[in-house]
Structures are given as structure tokens and as C-alpha cells.
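What the coordinates show
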Amino acid sequence: MSVLLQATGLTKSFRMRGRDVHAVADVSLTVAAGAALGIVGESGCGKTTTARMLLRLEDPTAGRILYEGADITDLHGRALLPFRARAQLVFQNPFDALNPRFSIRQSLVEPLRNFGIPAGAHAAHIEAVMQRVRLMPAAAWLDRRPHELSGGQLQRVVLARALIAGPRLIVADEPVSMLDVSVRAGILNLLREARDSLGLAAIYISHDLALIRYVCERTMVMYLGRVVEEGPTAALIATPAHPYTAALVAAVPVARVEQNRAALPIRGSLSDAPLAGPGCAFRTRCPYAMPRCETETLALRDVAPGRRAACHLVGVAS
Ligand SMILES: Nc1ncnc2c1ncn2[C@@H]1O[C@H](COP(=O)(O)OP(=O)(O)OP(=O)(O)O)[C@@H](O)[C@H]1O
Ligand SMILES: [Mg+2]
């Protein structure tokens, strides 16, 4: 397995009303070349902030990011351009991702120019990528503007724009959440096809465990800025190790079939959760909380081969 992207101890804090709030705390992850990692968790748990740090769109407060073994944490500006061409974000909302005044052609030329691809090669790149996202013949689309396209067509253009400079990694933050259910599968399949034929790695961010199960071999579950569980998606859904993962799984009808525990009651909401201090952040909502959960902060530890969780309930694998 060759490691494409590796992050250790990623932390982001924001100053809010005079105190530091951790949006992301001590997140470590590895993405192998060609692999797909899912990040799931409720709104506000830090998924987008994590992705933005991984893509060097936001500076981490602490932690390191390595791309193909090279530390890119402190790079800025032009020094980041080669990385930017290799690691691309697919935006959540296709209507926000494209400049409304640009034609589709202009939207596609922009990244080619930014990444220094010679003008003589632009037409061939555009033709190839339009074929890949099935907007054919390309000539029928290139002179249109975003308002002349449907949401599904726009998302294809957004994907084309992400693919055009030859990335090795795609980060898709809720890639289809704004789309009509009927076009979601088409976009997901296009992404999957592009990944298969180009050998791209991907990070998919979603609330939707069913979507993650469909596209990601490995999944990371976040709760209030921390990773609470991580492992192969199928195993994590079939036998969740952390009570929070179990609650997420119980909330997804399509996953429940495979689940071999009864659905878990989960109390309260994120706003009841402790924001700082020691102990497990999930304890206020956890049906199994014990006194030690209030005082001991548990790091992720191995609970089975390839699986890690941060919970006193699950034993350490021998
Ligand atoms: N620029 C900022 N300034 C202050 N707080 C921020 C900033 N960006 C994010 N946060 C806070 O960090 C936390 C994590 O936000 P983030 O957007 O990463 O969550 P998310 O998991 O992507 O949520 P969603 O599922 O709703 O997209 C939230 O509490 C958010 O309010
Ligand atoms: Mg988000």
C-alpha cells in the first residue's frame, strides 16, 4: 500500500466569545493511493474543517500533513500549486462552485491556466474531461452558462473541473446532498468510474452512512471534533464498536438490516455536549456512560484488526 496523504494530530481551534473552541482535535488519518475514506458524523462535528485542513485551504492550529511523504503543512502560495493540482475539492453546492458569469469552457480553462498547462493543450484536456463526465458532444455545452444547466449537469461540470488537471485525490464534501435523489446515483457512479479508471483516491464526507457504505472501504466517525471510531466500513456498520457509531447506524434504515444489536436510544443533541475539559465528549448522550467517562480522555486504540475506537466499553485487541 502506498500512502498518498497522511495527517497526524490535526487540530483547529477558533476563538469564540473570548475562549478557544476546538472545531477539530487531534485527528490522524491515512489515505492510500486509489483508496476511498469516508468521514461521517453529525452537523458541526468538524468534517469540513478537517477536509479544508487536509487540502491546505485552512491552516491547522497543530498537526502535520504529508503528501506522498513530503510535509506540506507549512507551504503557502505558489509553493502549494503542485499539491493543489493533485488534491481537488468537489464542492457541496454546484450552484456556488461555478462563476455564474463564466461559460463552462471558461470554468474549465481557469484551473488549466492556474496549474500552468500550456494553452495549446487546453482543448484536448477539455474534450477528454467532458467525455469522462458524459457531457457530450462537448461543443453543445461549452458555451453555456451555469443558469442554463440543471443541478445534475452542473455537478458534472464541477466534477470535470476537479478532474481536469489530473488529481490523485478528490475530496467530496457532501457531493450529492443538494441534488435530487434521482440524479444522485448517476453522479456517484461517475465519481466511482473516474476513480477506477484514473486510480484516484477519495475522501467522501457525508451525514449519510448509506452513501458512505456504497463508496468507501474505510470510514472514520467524528464526534465533536474527534475521531471516535475508524475501520473498514462494512465491519464498522455490522458491529459498531463505539456507542456513537451504533447510534448513527441505528438511524440509517438501510444499514439497520445488517446490524446485530437492537437500535440504541441516543439522548439529547449536540448542544448538550460538553465542549471542553477531560472525559469523553459523547458521555452526556451515551446510554452506557460510566464515572470514568467523565474524567478519562481515551485515545483511539486497536479494538480488532484494522479497527480502532475510543471507548472504555470495547476491549483492547490482543
Ligand atoms: N471560521 C470559523 N470560525 C469559528 N468557528 C468555526 C469556523 N469554521 C467552523 N467553525 C466551527 O467548527 C465546528 C465544525 O464545523 P464544520 O463546518 O467543520 O462541521 P461539519 O462537520 O462540516 O458540519 P456540517 O455537516 O454541517 O457541514 C462547528 O462548531 C463550527 O461552528
Ligand atoms: Mg460540512
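Cut-offs applied
- Residues numbered from 1 in each chain as written.
- Chains lettered and ligands numbered in written order.
- Predicted model: local features only at pLDDT ≥ 70, side-chain atom pairs only at ≥ 80, totals over all residues.
- Heavy atoms only, no water.
- Near = heavy atom within 4 Å.
- Polar contact = N/O pair within 3.5 Å; in protein donor to acceptor, adjacent residues only side chain to side chain.
- Areas by Shrake-Rupley, 256 points an atom, 1.4 Å probe, with all protein chains shown as cover.
- Helix = DSSP H or I, 4+ residues; strand = E, 2+ residues; numbered from the N terminus.
- Buried < 20%, exposed > 50% of the residue type's maximum accessible area, 1.4 Å probe, protein only.
- Arc of directions from axis to C-beta.
- Contact = heavy atoms within 4.5 Å.
- Expected span 1.5 Å × (residues − 1).
- Core = buried A, V, L, I, M, F, W, Y, C linked by side-chain atoms within 4.5 Å.
- Domains from an automatic or database assignment.

**Re the site of ligand 1**
Looking at ligand 1, the residues that line it are Phe-14, Met-16, Ala-23, Glu-42, Ser-43, Gly-44, Cys-45, Gly-46, Lys-47, Thr-48, Thr-49 and His-207. In this structure, an oxygen atom belonging to ligand 1 sits 2.7 Å away from a side-chain N or O atom of Lys-47. Within the side chain of His-207, a nitrogen or oxygen atom sits 3.1 Å from an oxygen atom of ligand 1. Protein contacts shield 61% of the accessible area of ligand 1, which totals 640 Å² for the unbound molecule. Counting only elements with at least two residues in the shell around ligand 1, the list comes to strand S1 (3-16) and helix H1 (47-54).

**Brief notes about helix H5 (residues 122-132)**
Along an α-helix, residues three or four apart share an orientation, since each turn contains 3.6 residues. Within the sequence span of H5, burial applies to His-122, Ile-126, Val-129 and Met-130. Down the axis of H5, the buried set is contained in an arc of 100 degrees. They therefore lie on one face. The elements touched by buried residues of H5 are helix H4 (104-114) and helix H6 (151-163).

**Description of H6**
In a regular helix each residue adds 1.5 Å, so 13 residues correspond to 18 Å; H6 covers 18 Å between its end C-alpha atoms and thus fits that length. Burial analysis of H6 places ten of its 13 residues in the buried class, the great majority of the element. Here H6 has its buried residues at Gly-151, Gly-152, Leu-154, Gln-155, Val-157, Val-158, Leu-159, Ala-160, Ala-162 and Leu-163.

**Comments concerning the nonpolar core**
Leu-108, Ile-126, Met-130 and Tyr-204 are the most contacted members of the largest nonpolar core, which has 53 residues in total. Per element, the largest residue contribution to this core is seven residues, and it comes from H6. When we break this core down by domain, the ones giving at least three residues each are domain 1 (33-43 + 78-216) and domain 2 (220-309). The residues touching Ile-126, leaving out its near neighbours within four places in the chain, are Arg-105, Leu-108, Val-109, Leu-112, Leu-142 and Ile-164. Within the second largest apolar cluster, 30 residues are counted, among which are Cys-45, Leu-54, Ile-72 and Leu-80.

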